[in-house]
Amino acid sequence: MSIFDDPFDADSRVNAGCICGQHQSPAEHEHAMLALRCEPVADSHEKRYENVVASAVLRAVFPEVTTRRAFLKTVGAATALAAVSQFFPLKTATEAFAEAGTPEKKDLKVGFIPITCATPIIMAAPLGFYSKAGLNVEVVKTAGWAVIRDKTINKEYDASHMLAPMPIAISLGLGAQPIPFTVPAIENINGQGITLAMKHKDKRNPKDWKGMKFAIPFDYSMHNYLLRYYLAEHGIDPDTDVQLRSVPPPEMVANLRADNIDGFLAPDNICQRAIYDGVGFLHVLSKEIWDGHPCCSFSASREFITTAPNSFAALTRAIVDATAYASKAENRKQIAEAIAPANYINAPVTVLEQVLTGTYADGLGGVKTDPKRVDFDPFPWQSFAVWMLTQMKRWGQIKGDVDYKSVAEQIYLATDTRKVMTDMGLTPPKDSYKSFSVMGKPFDPTKPDDYVASFKIKKAS
């Protein structure tokens, strides 16, 4: 079952919906606008909170999906809502919920890097998801990951788009003083690729890459860990056989064109831009290394959560809501147009459509289709954090023993996000850990030390 199921839908169908939250599709929304019948939920806080409370009550009364579905098919959603109202004080509960949830701070700044990994954070501004949550959010385009980190730590940003491992590194004090940070939501899964310069189109075997120079966005990034993993699985030691350089994503294509690097593992819009400009080709999608891997996250400090819990909760709801919308394939072209302008990603809509729709040129004369090239799922699996910690340990970023479970559960807020999603009427996973495979090698999050020890190529302890 999808995490985005609607409990008042008798068929449990995931609808495309519209940004106001009151219509089944963007077309129905447009029709209502023309008929002067559409009142956005953002302008009706009482209605929005009533929907959340009613949804939670219905799920509590009918926790089993099949029973709920049968009941709704029998009486209809309107009658079901009326019936619930007979024995539960929806109006009183709604007023209490709305008052308790009033943001302490409505004007917020959220930093982002101009890449498609930040799609939910970016699109939530032009498509109205922040205002729907009762917030006035300025999304601030930022030059690089170190700048994002510093501005968030210095409180110039209330929260930020961050690489999924960054909050772990900040919390552990890797390279600086430790500051507790959290990951309430994953921004995207998959959505990266290894791109090589055109001069290497006949050098497709990674075993032939010794001496080559590759760019990654940041040391504490899934890009770094996935590229290292991929190289090592082909017998290439990433610390001695090749050079890895940290380069801000917006500068990667220029560096490839200038022959400063031979390739990069980067967000798909950077890969696609290199193809669009004729300077590179796509060697492999990151989902071919690990299908379903996380990449970027929505992150906030523990201090922000403590001092402005309602603002944090509203921001998380907006991000999860936007992620639900982005997860629908039928919304991707609209989203590409929304995030393309110069103040956001600053890329041709064609480039972004090829990333978000999954129908794309590969740079070698072919056109490929993969609807899951990039996808969006907000749940912060704690097993993701454990895997990242194993790679930090493997490559010498962490010294000594690691309490994997404790670190993962302090930073990746699966329990909190599960509650937020449930309150929104969504269906989050019941567990916080899951197993998966990377290049065919199974990962068991309960045995991280065994996993690290199993690799032949790693930095010496």
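By convention here, each chain's residues receive numbers from 1 onward along its written sequence. Whole-chain, interface and lining totals are the exception, using all residues; otherwise, since this is a predicted model, local features are given only for residues with pLDDT of at least 70 and side-chain atom pairs are given and counted only at 80 or more. Computation of side-chain values covers all heavy atoms of the structure but excludes hydrogens and water.

You'll find the protein entered in an unreviewed UniProt entry as ABC transporter substrate-binding protein, with Bradyrhizobium aeschynomenes given as the organism. UniProt positions are given in the numbering used here, feature names are shortened, and annotations may be inferred rather than shown by experiment. The Subcellular location (unreviewed entry) comment attached to the protein in UniProt states, word for word, "Endomembrane system". UniProt, in its Sequence similarities (unreviewed entry) section for the protein, records the words "Belongs to the CmpA/NrtA family."

Novice: Where do I start with the side chain of S171 in this structure?
Specialist: With respect to the element layout, S171 can be found in helix α9 (residues 166-172). Here a residue-residue contact requires only that any non-hydrogen atoms of the pair lie within 4.5 Å. The residues touching S171, leaving out its near neighbours within four places in the chain, are P178, I179, P180, F181 and I411. Here a helix means four or more residues in a row that DSSP labels H or I, a strand means two or more in a row labelled E, and each is numbered from the N terminus.

Novice: What is the right way to read the side chain of D262 from this model?
Specialist: Mapped onto the elements, D262 comes out in the loop between α11 (252-257) and β9 (263-267). The contacts of D262, once residues within four sequence positions are left out, are T195, L196, A197, K199, H200, M212, K213 and L256.

Novice: What am I meant to see in helix α8 (residues 145-153) here?
Specialist: Turn by turn, an α-helix covers 3.6 residues, leaving residues three or four places apart pointing in a common direction. Categorising residues by exposure relies on relative accessible area from a 1.4 Å probe, with only protein chains included: less than 20% of the type maximum marks a residue as buried, more than 50% marks it as exposed, and the intermediate range marks it as partly exposed. Taken together, the buried positions of α8 are occupied by W145, I148 and T152. Across the axial projection of α8, the buried residues extend over an arc of 55°, all falling on one side. Lining the buried residues of α8 we find β1 (107-112), β3 (159-163), α9, β4 (181-186) and β11 (296-301). Trailing α8 by a residue or two, K155 shows a phi angle of about 70°, which is positive. Along the arc lie the directions from the helix axis toward the C-beta atoms.

Novice: Before we go on, may I ask you to explain the sheet that holds strand β8 (residues 243-246) in this structure?
Specialist: The strands that make up a sheet pair up through hydrogen bonds in the backbone, lying either parallel or antiparallel. If you walk across this open sheet you meet the 5 strands as β8-β7-β9-β6-β10, and the pairing is mixed. This sheet does not close on itself; its edge strands, each paired only once, are β8 and β10 (280-285). Between one strand and the next, the sheet's axes are offset by a mean angle of 30°, whatever the strand orientation. Relative to β10, strand β6 (residues 192-197) runs antiparallel, the two being bridged by 5 bridges. Residue L196 lies in a different strand from β10, and its bridge partner there is F281. Against the sheet, helix α10 (residues 222-233) contacts β6, β7 (213-216), β8, β9 and β10, and its axis sits at roughly 135° relative to β9. To get an axis, a line is fitted to the C-alpha atoms, and for a helix only the part in contact is used. The angle between two axes follows their N-to-C directions and goes from 0 to 180 degrees. Helix α12 (residues 268-276) rests against β6, β9 and β10 of the sheet, and its axis sits at about 130° to β9. We call two strands paired when DSSP finds no fewer than two bridges between them.

Novice: How should I be thinking about the pairing of β11 in this particular structure?
Specialist: The two faces of a sheet get side chains in turn, since along a regular strand they alternate between them. Burial of β11 is extensive: 6 of the 6 residues sit out of reach of the surface. Going residue by residue along β11, you find C296, F298 and A300 tucked away on one face and S297, S299 and S301 tucked away on the opposite face as well. For β3 and β11, the ladder comprises 4 bridges, and the chain directions are antiparallel. Bridge pairing in β11 places H161 opposite F298. Pairing analysis gives 4 bridges linking β4 to β11, with the strands arranged antiparallel. Paired with T182 across the bridge in β11 is A300.

Novice: What's the story with the pattern of salt bridges in this structure? I'm lost.
Specialist: Where charged atoms from two side chains of opposite charge approach closely, those side chains can pair. Whenever a carboxyl oxygen of Asp or Glu lies within 4 Å of a side-chain nitrogen of Lys or Arg, that contact is scored as a salt bridge. For the structure shown, the criterion picks out 19 salt bridges. One salt bridge connects R149 with D150, and the closest N-O pair in it is separated by 3.0 Å. Judged by its relative accessible area of 35%, D150 falls in the partly exposed class. When the shortest N-O distance is used, the salt bridge between D277 and R257 registers 2.9 Å. In this pair, D277 sits in the loop between α12 and β10 while R257 sits in helix α11, placing the two residues 20 residues apart along the sequence.

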